[in-house]
Structures are given as C-alpha cells and as structure tokens.
Amino acid sequence: MLDSRPYDVIVVGAGHAGSEAAAAAARLGSRTLLVTMNLQTIGQMSCNPAMGGVAKGQIVREIDALGGLSGIVTDKTAVQFRMLNRSKGPAMWSPRAQSDRWRFAEEWRLQLEAMTNLDFLQDMAVDLLVVQDRIVGITTSMGQTVYGSAVVLTNGTFLNGVLHIGERQMGGGRAGEKAATGITERLVELGFASGRMKTGTPPRIDGRSLDYSKFEVQHGDENPSKFSYSETTQPLTKQRPCHIAYTSDYVHDLLREGFDRSPMFNGSIQGTGPRYCPSIEDKINRFADKDRHQLFVEPEGWNTVEVYVNGFSTSLPEDVQVKALRAIPGFEQAKFFRPGYAIEYDYFPPTQLGLTLETKLVENLFFAGQINGTTGYEEAAAQGLMAGINAHRKVHGAKPVVLDRSDAYIGVLIDDLVTKGTEEPYRMFTSRAEYRLLLRQDNADLRLTPKGRDWGMVDDVRWARMQEKVVRAASIRSVLDAAPALPAEVNALLESKGTSTIATKGRMAQLLTRPQLELADLLPFLELSDEDLADHEALLDAEIEIKYAGYIAKEMEHVGKLSRLEETPLPANLDYASFKALSMEARQKLAAVRPSTIGQASRVSGVSPADVSVLLVHLGR
C-alpha cells in the first residue's frame, strides 16, 4: 500500500527517460514515485543492446557529467567498448559500448532501489488528475488515486501501441507486454495534439546456430575507455567481439517477395518511421542501387547465446524473415528466438512544450522520451534527466534550468524538439550541433559538471575529481608552452612523421599544432610528473586545447555574438497576430511555439531574419 501523502514528483514509465527522471528528482530531495506496468523491465533495452554511438555517445557523457546514471550503468554492464570516428577530428569522436542486456536492466534497478526518496508502484497510469490547468496526480488501472505536485510522462512506445508482423497486428508496447491506454485520450481531451510514429526491431537469433567463420570480426578498442567520469567504474579488462555480415542481391530478392504482405507497404502502418534507422525492407526499397547492406551481429550479454542482428530491423512475415536471413553467409542454419516486428504508437508533437519540457497547456506536467517523438535510449535518457531536474525545481520553487545549444548536445536536442518539432522519430547527429567542436565527448565534464554542481546533482568526490583534471590539464599546457623545441633534438622525429624540420629553436606547443604530430610523440621531450602521465583525460584535454586553439576561439567568438539573442526574453503572452510587419507564416508559427527568447524564435521554421528584426525593434521600443 502506498503512503497516502502526496508525492513531489510522479514519474510514469521506467525506461531510460523514466529511470533518469526518477533518479534525478529523488537525488535532489523530492519524494518521488516511479510507476511502471512491470517492475521486472525497469531500464529495459527494448532494441539494440548498446549505448552511445555518433553524437549519442556525447549525450551519455553529458548525462554523466550532470550527475545522471546512464554512463555508470553502461560502464558496469558493458561487454565491449569502442571509440568511433578516431580517424576524424576530436569533434567527431563518439564512444559506444555493447551492453549485457540483462545486467543493464538489473543495474538500473539496483541503482534506483538504493535511493531512499524513491518509491515504486507496479500499475498502469490510465488518467491524469488536472485542476484548473494544473496536474495534481494520476489514476491507475487498479483504481488507485495517487496525488503529486508534478508528473513526468515517459511512456515510450506503449501509448496505444500496436505490434506488426506481416499481416498480423496485436496490441502491445513491446514484445510480450500490453499497450498503455487512457493517457492519450485524456491528453487529447485536455487539448493536446497527438500523432502516430513507428519503429522496429530485428529478429533475435540463437548464436549457437551461426557459423562465425563466415563473418568479419569486430573487436573492441585495444585500450578501452569508459563513459563515466566517476571513479566508481573502471574500463573493461576483457571484451566480447561483435561480427559483421552482409546481405546480397539474392537476399534482397527474397525480401521483396514479401512486400505485398509487409505492413509498411500495404497501408497497415500509418505512423512515420525513423529516417536514419530504416527497416531492411525500407533500405532495399530506398537504396535499390545498393547490392548489399552491412549487418552487425551483436552478443546480448556475457553469458547468453542470444544474438541481435543490427541492421535487419523488419516487420515482414516470419517465413520471409527466416528465408531471407538464412540466405546470408553464416546464417544458413539460423534458429530464431523471436522474429523482428514493427511497433506503432502515439506521440505528442514537442512544440507543445517549453524548453524545460513542461507542457504549455497543463502546469507541472512534463513529457520526456519517445512521447516527444524521439528515438534512441540516449535521447530519451537526456530528456528524462532534464525533466526530472526541472520537475523537482518547479515543485520546490527554484528557477528552471535550460541548457543552451552551445552548452551541450542535450541543449541542441531539446531546442530542436521544442522549437522545430518533428514529424518523424528524431535522432541526434553531430551535424545538428553548430558548435560541435566545443561539444566534444572528452570535455563534457568541464562543460557541464559545474552546472550539475550548481543544481545539486554532483557530489563532493566528483567535483574534486573534475577540479583536479582542470588543474592538471592547465599544468600540462604550461609545460608545452614553456618547453623548448631544439632542432638537434626534434628534427629526427619530424622527419619520421613526414613534416618539415625546424631551423631555429621553437616551442613544443607550436609543434603540437601540426596535424602529423600527437602529444604522445612529444612526451619524451617533456618534463611531466608520473601523475600527469597517468591522467589520460587531462593529457587529451591539453592536446586538443592546444592543437585546435584557433578553431575553438572562433567558435567561442561566434557563441558570444549570438548570446545576446539567446538571452533576450520574449514575453509569454505576446500577441503575435497583432504584428502586421511579421509575415503571416511567422505570426502563425510563433503563436504556436511561443519561443522564450529571440534566439529560439530565430530557429522556428518559417521565421525569417526580417521577422527577427521586427521582434527586436518591438522589444527595443
């Protein structure tokens, strides 16, 4: 039986968004309730058993830097770690970890159960209690009324979810789990606009039935790193390999045979699917000129034989899935644990939210995760973290907190959603961030831990560790600035690296700016302490700050120029319809989005620079 006292924050849903939201609110001191239909699936990896990747890895590091838990949970349950895009510049480096699916969910539950302010309830939220446009609680399917000062909805793919396999449809939010009903209908009744989206997942295969000799091996990094800046986790000392397989024209022909029974092509699915993570049938339809597609054969954990076939997401009939997959070298004898399927679900266009993720129609009601039209664990977790923090702050009378686009990928994510909206599942990419050289994965702690500290999310140990890194990185840069580069000592190295020699004495910091050289090449010429040499993060920070100093300074200058627009507030009740100098489209879009600043207004689709000038003139008057 629940405590009869009202909760400060109620979180509905216990996926990645809900887990981060509940953890944040509870850690900050709010009496928090986490409501989930199944306590056994807290933190479940519904799709691929991995965290991170291009831009997503930066988000996980940012969550960790702010005091969230996704990085710690990932480190403790990883089976492989890779830093992607190492051949490119540091702005593109993206960490990715293969996870043990069972252990990942277990670790999330253990982390949450350790929080004294957090209660759990296994039940389905079916109604929202709203009084005078303010949320006051929820009603559950078992007839319980639970009162709370704020509610965070993180319903994932469960809102009126429908699973599709070929011509068969069944209600469900995930394989083997029922859909959530009632919430969509209540939100629409309250005036919210809703839509439908779809996503998919590949078949799960018995690894004992595969011939791995026909696959390419993909090992983890030789010297793996980790996600969390905390010393509570350590890099992997052993790893499991992944493998790579390829489809063929013959496989594509077999798949096409089932297109007439595909829910994607016969009209059964109305929702929009993810552009950047298409199903295998969508790939061969959209990219008909490609004679093969890459598949990643990923282990589901340390001790299970279950395998995830990344890249073969499908909703085709089971017989077509089996026939096509078994035509791929290495899969000839493949045994299916579970076929692939598509899932269609309700979402709510995120332009109905403010930058804090609080809804505009109902006070103290927050949305986070796939309910906002995003796809991916990392995007969901980031929203959950910020919604949980802001729900706590709203309840306790503190100012809301918002990350700018120049602060974090999380800031880019939320600003994109709230300002531009999305009509297809939103996925983060480095190309979405205009300041990506500033928003690197290596400096997430330097960017965001001070903010997490101010918000109450970062403890003394984590804070001291970051400050130590700042001091050490500065010390290493000072050594590089002061250390002489003598022709007699360094020219042999320069020749071996294919760069020009020097004729006169210079500085090591100058040499480091050359693209052919890395800090590791110069270490024999530097007088660094054992502690400096052991701090790989501080060494990397010092190297990047020196090597890319000019580019970083340009981006910082650009941020400074635009900061006035970002900090210039717009009144919430501004009557845009009365602005005859604004274009008709701008009036309509601005009235719908209700941007909080001039900077945000400038990014609204349909708002031109001339429209921004009109707003600035009005504010000036």
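You'll find the structure just up there.
Residues numbered from 1 in each chain as written. Predicted model: local features only at pLDDT ≥ 70, side-chain atom pairs only at ≥ 80, totals over all residues. Heavy atoms only, no water.

Turning our eyes to something else, we now look at the nonpolar core. With 103 residues, the main nonpolar core has Leu153, Leu365 and Ile410 as its most contacted residues. By residue number, the principal contributor to this core is helix 9 (residues 377-395), which donates nine residues. Once residues within four sequence positions are removed from consideration, Leu153 is found in contact with Val12, Leu128, Ile183, Leu187, Leu365, Phe366, Phe367, Ala368 and Ile371. (Core = buried A, V, L, I, M, F, W, Y, C linked by side-chain atoms within 4.5 Å. Buried < 20%, exposed > 50% of the residue type's maximum accessible area, 1.4 Å probe, protein only. Helix = DSSP H or I, 4+ residues; strand = E, 2+ residues; numbered from the N terminus. Contact = heavy atoms within 4.5 Å.)

Relative to the helices and strands, Gln40 is located in the loop between strand 2 (32-36) and strand 3 (50-52). Distance from Gln40 to Arg109, taken between C-alpha atoms, is 8.6 Å for residues 69 residues apart in sequence.

Take the sheet that holds strand 4 (residues 78-84) next. The strand order across the open sheet built from three strands is 3-5-4, with neighbouring strands paired in antiparallel fashion. Whereas interior strands pair on both sides, the edge strands pair on one side only; in this sheet they are strand 3 and strand 4. Mean inter-strand twist for the sheet, computed between neighbouring axes without regard to direction, equals 15 degrees. Summarising the sheet, strand 3 and strand 5 (residues 94-99) pair through three bridges and their orientation is antiparallel. (Pairing = 2+ DSSP bridges. Axes fitted to C-alpha atoms, helices over the stretch in contact; angles between N-to-C directions.)

With that settled, consider the pattern of salt bridges. Throughout the structure, instances matching the rule amount to 46 salt bridges. One salt bridge connects Glu363 with Arg134, and the closest N-O pair in it is separated by 3.3 Å. Placement of the pair is Glu363 in the loop between strand 19 (341-347) and strand 20 (365-367) and Arg134 in strand 8 (residues 134-140), with a sequence separation of 229 residues. We note a salt bridge from Arg465 to Glu231, for which the minimum N-O separation is 3.6 Å. Of this pair, Arg465 sits in helix 12 (residues 460-482) while Glu231 is found in the loop between strand 14 (216-218) and strand 15 (242-246), placing the two residues 234 residues apart along the sequence. Given a relative accessible area of 58%, Glu231 falls into the exposed group. Overlapping salt bridges bring together Arg405, Asp415, Asp416, Lys420, Glu434, Glu566 and Arg603 as one network. (Salt bridge = Lys/Arg side-chain N within 4 Å of Asp/Glu carboxyl O.)

Another point: helix 2 (residues 56-65). Counting buried positions along helix 2 gives 10 out of 10 residues, so the element sits mostly inside the fold. Lys56, Gly57, Gln58, Ile59, Val60, Arg61, Glu62, Ile63, Asp64 and Ala65 are the residues of helix 2 that are buried. Downstream of helix 2 by a residue or two, Gly67 has a phi angle that is positive, lying close to 105 degrees.

The subject of this paragraph is the pairing of strand 1 (residues 7-12). Of all six residues in strand 1, six are buried; the element is thus mostly enclosed. The pairing of strand 1 with strand 9 (residues 145-153) spans five bridges and is parallel. Bridge assignment links Val11 to a residue of strand 9, and that residue is Val152. Pairing between strand 1 and strand 2: four bridges, direction parallel. Looking at the pairing, Val12 lines up with Val35 of strand 2.

Taking 1.5 Å of rise per residue, the 13 residues of helix 4 (residues 101-113) would be expected to cover 18 Å, and the 19 Å separating its terminal C-alpha atoms lies within 8% of that figure. All of the buried residues in helix 4 are Arg101, Phe104, Ala105, Glu107, Trp108, Gln111 and Leu112. One face of helix 4 carries all of its buried residues, which in axial projection span an arc of 160 degrees. Taking the backbone nitrogen of Trp102 as reference, a side-chain oxygen 3.2 Å away marks Asp100 as the first, capping residue of helix 4. (Expected span 1.5 Å × (residues − 1). Arc of directions from axis to C-beta. Polar contact = N/O pair within 3.5 Å; in protein donor to acceptor, adjacent residues only side chain to side chain.)

Mapped onto the secondary structure, Ser19 falls in helix 1 (residues 16-27). For Ser19, the side chain forms a polar contact with the main-chain oxygen of Ala14, separated by 3.3 Å. Separated by 2.8 Å, the side chain of Ser19 and the backbone oxygen of Gly15 make a polar contact. Ignoring sequence-local partners within four residues, the contact set of Ser19 consists of Ala14, Ile42, Gly43, Trp108 and Leu112.

Locating Glu379 in the fold gives a position in helix 9. At 2.9 Å, the side chain of Glu379 and the backbone nitrogen of Met428 are in polar contact. Those residues within four positions of Glu379 in sequence are excluded, and the remaining contacts are Lys56, Ile59, Thr374, Leu413, Tyr426, Arg427 and Met428.

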